[in-house]
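Here's the letter readout for the chains.
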Protein chains: 2
Amino acid sequence: MTTTAESGPRAGATACLRLEDLHDSVTDPLSDSMNLLNEVAQRHPEALSFAAGRPSGAFFETEQVHRHLRTFCAHLGGAGGRPDEEVRRTLFQYGRTKGVIHDLVARNLAVDEDFEPDPEAVVVTVGCQEAMFLVLRALRTGPRDAVLAVAPTYVGFNGAARLADMPVLPVRSGDDGVDLDDLVRTVRRAREEGLRPRACYVIPDFSNPLGISLATDTRRRLLDLAAEHDLLLLEDNPYGLFPAKGSRRPTLKSLDTGRRVVYLGSFAKTVMPGARVGFVVADQEVTDADGRRVGLLADQLAKVKSMLTVNTPPLAQAVVAGSLLENGHSLVRATAREAELYRGNLHVLLRGLEERFPPGSGVSWNTPDGGFFLVLTVPFRTDDALLEHSARRHRVIWTPMHHFYAGRPHSNQIRLSFSTLRPEEIRTGLDRLAGLVREQRARAGRPTTGTLPHPNP
Amino acid sequence: MTTTAESGPRAGATACLRLEDLHDSVTDPLSDSMNLLNEVAQRHPEALSFAAGRPSGAFFETEQVHRHLRTFCAHLGGAGGRPDEEVRRTLFQYGRTKGVIHDLVARNLAVDEDFEPDPEAVVVTVGCQEAMFLVLRALRTGPRDAVLAVAPTYVGFNGAARLADMPVLPVRSGDDGVDLDDLVRTVRRAREEGLRPRACYVIPDFSNPLGISLATDTRRRLLDLAAEHDLLLLEDNPYGLFPAKGSRRPTLKSLDTGRRVVYLGSFAKTVMPGARVGFVVADQEVTDADGRRVGLLADQLAKVKSMLTVNTPPLAQAVVAGSLLENGHSLVRATAREAELYRGNLHVLLRGLEERFPPGSGVSWNTPDGGFFLVLTVPFRTDDALLEHSARRHRVIWTPMHHFYAGRPHSNQIRLSFSTLRPEEIRTGLDRLAGLVREQRARAGRPTTGTLPHPNP
């Protein structure tokens with residue numbers, strides 16, 4: 001099939017696009033962050049990686065997928081009493097925009113998180129990332145709308161806000177996980193500048209990237225402030241099931257008597273990332289211009305979703321549903337082995353850091369009480385060039401913390417993820433990291449021209 | 001877990017949102033169209049539906065899913081020589097943003113569509129809907145950017161444009177499937193008004209909703225005009241594999257020597273909707289401010305995708321890949337039975353219409369040469385109220401055509417889909433439709449107060 005010279009497009013008319021003719025998000029440094037964080041490990045397969053924020057694959061077996069699917073089909077055909085044709089329709093065809101496992105998600109939250117939403121308030125999404133975008137897209141009516149986020153912030157949240165053309169106003173984390181005074185200051189300043197702060201994004205449990213959690217009392221005060229200043233709280237909870245010690249704290253949503261909290265959930269860290277299933281609980285009432293109730297925020301999000309992805313793949317939902325059904329709707333039960341693994345890994349990491357970086361070494365870190373992440377402070381500048389050098393020369397990968405502060409090119413901190421490495425790999429990785437620290441301190445000891453010590457990448 | 005009166009949010013501070021504080025898209029009539037088209041059949045299970053634009057489920061078997069998964073895993077482990085752990089990682093973990101079956105998609109296009117894209121130009125998406133949004137979001141830099149679309153237009157395209165805040169400028173379909181003079185007029189008028197038309201959306205094969213196709217010569221002229229007026233063409237091809245007679249025409253992309261065409265593909269109508277897997281081929285070069293090549297448009301779309309859904313579920317991609325692998329990469333081969341079924345259904349529909357609506361009946365229709373859809377013109381007004389009446393009183397469902405013209409409340413046409421009904425259901429459905437037509441014509445015969453004849457819904 002060729003085009004003749006006569007009828008083909010004229011020579012020189014080949015389409016070519018300039019970056020400046022594409023949406024800002026593609027040239028925003030944070031889009032590079034997303035790719036860096038997703039793909040850095042693939043670029044350096046020989047290096048040990050403390051970068052990947054993914055769950056352990058130690059217990060993945062392909063037969064799980066088949067079993068989960070069969071479990072869900074049996075559930076549909078059995079308890080629901082549906083004929084085979086309807087089971088096939090659920091699995092193969094387009095389905096309900098808000099999802100086909102909303103009731104199971106609601107039941108899971110009742111069992112594991114002590115709150116049971118109306119299943120109609122649940123929208124099942126393509127990972128938590130789509131849930132964030134749906135909420136931000138719905139809340140953004142014009143250039144005045146803004147969203148707050150506790151900084152450092154999960155990169156994907158900044159990405160979703162960028163796509164929705166919504167500015168993110170950072171709120172200091174401080175030692176409590178959120179600096180409530182700074183939150184109030186930020187809201188007031190934004191309003192003075194003519195902005196309309198709509199919501200504040202927060203990861204109350206074992207946050208990404210800091211690994212710290214909000215005390216229960218801080219949670220209550222945050223809810224009070226949200227009511228006082230008419231903000232929604234966007235509670236993201238991907239790691240809450242993985243405490244290292246002690247009991248889990250109540251989610252904001254379970255304490256929420258004023259429907260202030262939009263709850264963002266993910267099955268990526270509990271069932272598997274490869275299903276790409278997340279959800280949002282949005283039980284806020286929505287009214288029309290005459291004050292008449294027109295449904296829940298979830299119903300409005302579903303409209304946005306119908307224009308974005310139509311449905312979350314029923315096939316993927318079915319696999320997640322199978323896992324829930326096989327574990328009495330409890331992901332605490334489903335992930336007991338993983339939780340033990342992460343606890344053990346954090347212990348190994350903390351011991352390993354103590355052994356390699358004694359007081360006075362200039363290296364310090366926080367002590368998370370769960371989750372996947374810990375933050376290390378080092379006596380030199382950390383940026384993408386140093387990461388590249390570390391991966392190639394020292395064969396160890398980590399995440400430069402500046403990626404979690406939109407707009408900063410570097411910092412002197414790095415995020416260490418301890419969810420995917422084996423204990424012996426953690427120890428070897430720390431040996432390599434200690435080598436990098438030694439090298440960088442030696443360079444810092446040399447006379448410089450006034451700039452921060454920095455390797456030749 | 002209860003909140004004490006002292007610490008809980010103050011009474012009366014319950015969050016409540018007003019529709020006007022949410023993005024316009026949720027109150028746009030077209031969001032109701034999306035839901036209507038997706039869920040109308042669920043609201044009237046007793047009615048026969050000519051509305052659903054979904055593929056036939058006649059050959060769906062749940063074992064297919066298991067077989068496809070095993071085929072893809074064997075392919076990964078076998079030909080690729082990857083160890084089990086890597087197969088599990090591909091299936092369970094986060095993966096490549098542009099997808100894990102891009103090479104199979106490229107091979108499929110070579111086999112079935114006579115063009116073989118660079119696999120790096122392929123982005124695998126959550127259905128074609130996400131592909132549309134990615135392209136529009138990337139092309140929309142500000143309020144001047146607009147997109148053209150042949151009208152009547154697939155509702156989901158208007159939805160994606162609405163979400164991206166991008167105006168859609170309609171181009172007349174005319175008898176050729178696109179009125180090229182009107183296209184040029186629309187581009188010129190838009191530029192005079194200060195808009196920047198970036199692309200034109202078109203379904204060249206068996207379009208939704210009209211069911212008509214562009215002649216090969218029209219395709220060539222459309223490509224020439226796109227080059228002359230510096231437009232991209234967004235070619236959407238969900239139904240191309242289902243001709244009713246004669247041979248298939250070349251896609252725009254296969255005729256495209258100037259990289260003018262962004263090709264939108266879907267596996268929803270060929271493998272299954274429940275996987276929600278589509279793709280976009282975007283092989284346009286992108287340059288920076290200095291004219292340096294920075295990659296393909298596909299790479300920029302991947303950045304947007306990483307902020308929107310991160311990955312298309314690898315599990316769902318794996319099922320689609322299995323189907324491709326089992327059929328020598330050919331979906332023509334994979335869908336031979338379905339194509340035969342659709343051909344037979346169209347024949348039954350055309351014969352049934354001839355029998356029930358002879359010349360002079362005031363009812364006419366077009367004769368598609370393939371696809372899922374046909375358009376009926378009737379001598380009365382068709383709107384959502386009449387559809388509701390038809391579903392309840394006559395137990396037959398169809399799609400009012402005004403949904404495909406953004407902003408119109410009614411028309412005198414309806415879309416009939418013939419992909420999901422059995423031949424005897426088509427005949428019964430047409431009997432019911434004839435009953436509706438008789439009733440409406442009788443009403444029209446009565447004296448009215450000057451308004452169009454209309455039922456009491």
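Note that the structure is a prediction, hence the values are computed from the model and not measured.

**Thoughts on the overall build of chain A**
Per the secondary structure count, chain A includes 15 helices and 16 strands. Scaling as 2.2 N^0.38, a compact globule of 457 residues should have a C-alpha radius of gyration of about 23 Å, and chain A matches this with 24 Å. Seen through its C-alpha atoms, chain A measures out along the principal axes to roughly 75 × 75 × 55 Å. Per-residue burial for chain A yields a buried fraction of 64% across its 457 residues. For chain A, contacts bridging at least 24 residues in sequence account for 71% of all contacts bridging at least 6. When the accessible surface of chain A is totalled, it reaches about 16600 Å², and 47% of it is carbon and sulfur. Here chain A carries 56 positive and 56 negative side-chain charges, and the mean point of each set is 3 Å from the other.

**Overview of the nonpolar core**
Judged by nonpolar contacts, the single largest core of 164 residues is most densely connected at Leu234(A) and Leu234(B). Setting aside its immediate chain neighbours within four residues, Leu234(B) contacts Val135(B), Leu136(B), Val147(B), Phe157(B), Ala199(B), Cys200(B), Tyr201(B), Val202(B), Val262(B) and Leu264(B).

**A few points about the domain arrangement of chain A**
All names here are of chain A. Once the domains are mapped, chain A shows domain 1 (25-53 + 336-442) and domain 2 (62-333). Computed from C-alpha atoms alone, the centre-to-centre distance between domain 1 and domain 2 is 27 Å. Each side of the interface is counted separately: domain 1 has 27 residues, and domain 2 has 28 residues. Between domain 1 and domain 2 the total buried area reaches about 2200 Å² when both faces are included, carbon and sulfur atoms providing 64% of it. Summed over the three residues of domain 1 that lose the most area to domain 2, namely Asp-369, Phe-373 and Phe-404, the buried surface amounts to 26% of that side.

**So, the UniProt feature "domain: Aminotransferase class I/classII large" (unreviewed entry) in chain A**
Feature annotation in UniProt assigns "domain: Aminotransferase class I/classII large" (unreviewed entry) to the following positions: residues 112-433 of chain A. The span residues 112-433 of chain A is 39% helix and 22% strand, and its two end C-alpha atoms sit 37 Å from each other.

**Looking at the sheet that holds strand 10 (residues 285-287) of chain B**
By definition, the strands of a sheet pair up through backbone hydrogen bonds, in either a parallel or an antiparallel sense. Strand order in the open sheet formed by three strands is 1(A)-10(B)-11(B), with mixed pairing between adjacent strands. Two strands in the sheet have a free side with no partner beyond their single neighbour: strand 1 (16-18) of chain A together with strand 11 (293-296) of chain B. Adjacent strand axes in the sheet meet at a mean angle of 30° when their direction is disregarded. Two elements, strand 10 of chain B and strand 11 of chain B, share three bridges in a ladder whose sense is antiparallel.

**A few points about the interface of chain B and chain A**
The figure often quoted for interface size is the accessible area lost as the parts come together. Of the residues lining the interface, 108 residues belong to chain B; the matching set on chain A comes to 109 residues. Regarding the contact of chain B and chain A, the summed buried area is about 10000 Å², with carbon and sulfur atoms giving 60% of it. The tally of links between chain B and chain A comes to eight salt bridges. In terms of residue class, the side of chain B that touches chain A is built from 45 nonpolar, 33 polar and 30 charged.

**Some words on the packing of aromatic side chains**
Note on aromatic pairs: each is described by the distance of the centres and the angle between the planes. Residue and element names in this part refer to chain A. Under the criterion given, the structure shown has 23 aromatic pairs over all chains. Residues Tyr-239 and Phe-373 carry aromatic rings whose centres are separated by 5.3 Å and whose planes lie at 85° to one another, so their mutual orientation is edge-to-face. A residue pair is termed long-range when its members are at least 10 positions apart, and Tyr-239 in the loop between strand 7 (232-236) and helix 9 (252-255) and Phe-373 in strand 13 (residues 373-382) qualify at 134 residues. Assigned by exposure class, Tyr-239 and Phe-373 land together as buried. Judged by centre distance (5.4 Å) and plane angle (40°), the ring pair of Phe-267 and Phe-279 falls under tilted. One end of the pair, Phe-267, is in the loop between strand 8 (261-266) and strand 9 (277-281); the other, Phe-279, is in strand 9, with twelve residues separating them in the sequence. On the accessibility criterion, Phe-279 (3% relative accessible area) is buried. Looking at Arg-408, its charged tip hangs above the ring of Tyr-405, at a distance of 3.9 Å from the centre.

Conventions we followed
- Note on numbering: residues in each chain are counted from 1, in written sequence order.
- As a convention, the first chain written is A and the first ligand written is 1, with the rest following in written order.
- At least 70 in pLDDT is required for a residue's local features to be given in this predicted model, at least 80 for side-chain atom pairs to be given and counted, and no such filter applies to totals for whole chains, interfaces and linings, which use all residues.
- The basis for every side-chain value is the complete set of heavy atoms in the structure, and neither hydrogens nor water enter the calculation.
- Elements are defined by DSSP. Helices are runs of H or I of four residues or more, strands are runs of E of two residues or more, and each kind is numbered from the N terminus.
- For a compact globule the rule gives 2.2 Å times the number of residues to the power 0.38, and the radius of gyration it is set against comes from C-alpha atoms.
- Burial classification: accessible surface area is computed with a 1.4 Å probe over protein chains only, and a residue below 20% of its type maximum counts as buried, one above 50% as exposed, and the rest as partly exposed.
- A contact between two residues is defined here by any heavy atoms of the two lying within 4.5 Å.
- The Shrake-Rupley method, run with a 1.4 Å probe sphere, supplies the accessible areas, and residue values consider only the shown protein chains as cover.
- When charges are counted, Lys and Arg contribute as positive and Asp and Glu as negative, whereas His and the chain ends are disregarded.
- The atom standing in for a charge is NZ when the residue is Lys, CZ when it is Arg, CG when it is Asp and CD when it is Glu.
- Grouping buried Ala, Val, Leu, Ile, Met, Phe, Trp, Tyr and Cys residues that are joined through side-chain atoms within 4.5 Å yields what is termed a nonpolar core.
- Domain start and stop positions are those given by an automatic or database domain assignment.
- Accessible-area loss on putting two parts together, using a 1.4 Å probe and summing over both, is the definition of buried area adopted here.
- UniProt positions are given in the numbering used here, feature names are shortened, and annotations may be inferred rather than shown by experiment.
- Any two strands with at least two DSSP bridges between them are considered paired.
- Here, axes are lines fitted to C-alpha atoms. For helices the fit covers the stretch in contact, and angles between N-to-C directions go from 0 to 180 degrees.
- By definition, a salt bridge exists where a carboxyl oxygen of Asp or Glu is found within 4 Å of a side-chain nitrogen of Lys or Arg.
- Think of it as three bins: nonpolar holds Ala, Val, Leu, Ile, Met, Phe, Trp, Tyr, Cys and Pro, charged holds Asp, Glu, Lys and Arg, and polar takes everything else, Gly as well.
- Pairs were defined over the aromatic rings of Phe, Tyr and Trp, the Trp ring being its six-membered one, requiring ring centres within 6.5 Å. Orientation was assigned from the angle between planes: stacked under 30 degrees, edge-to-face over 60, tilted for the rest.
- We call a charge positioned over a ring when the NZ of a Lys or the CZ of an Arg lies within 6 Å of the ring centre and within 35 degrees of the ring normal.

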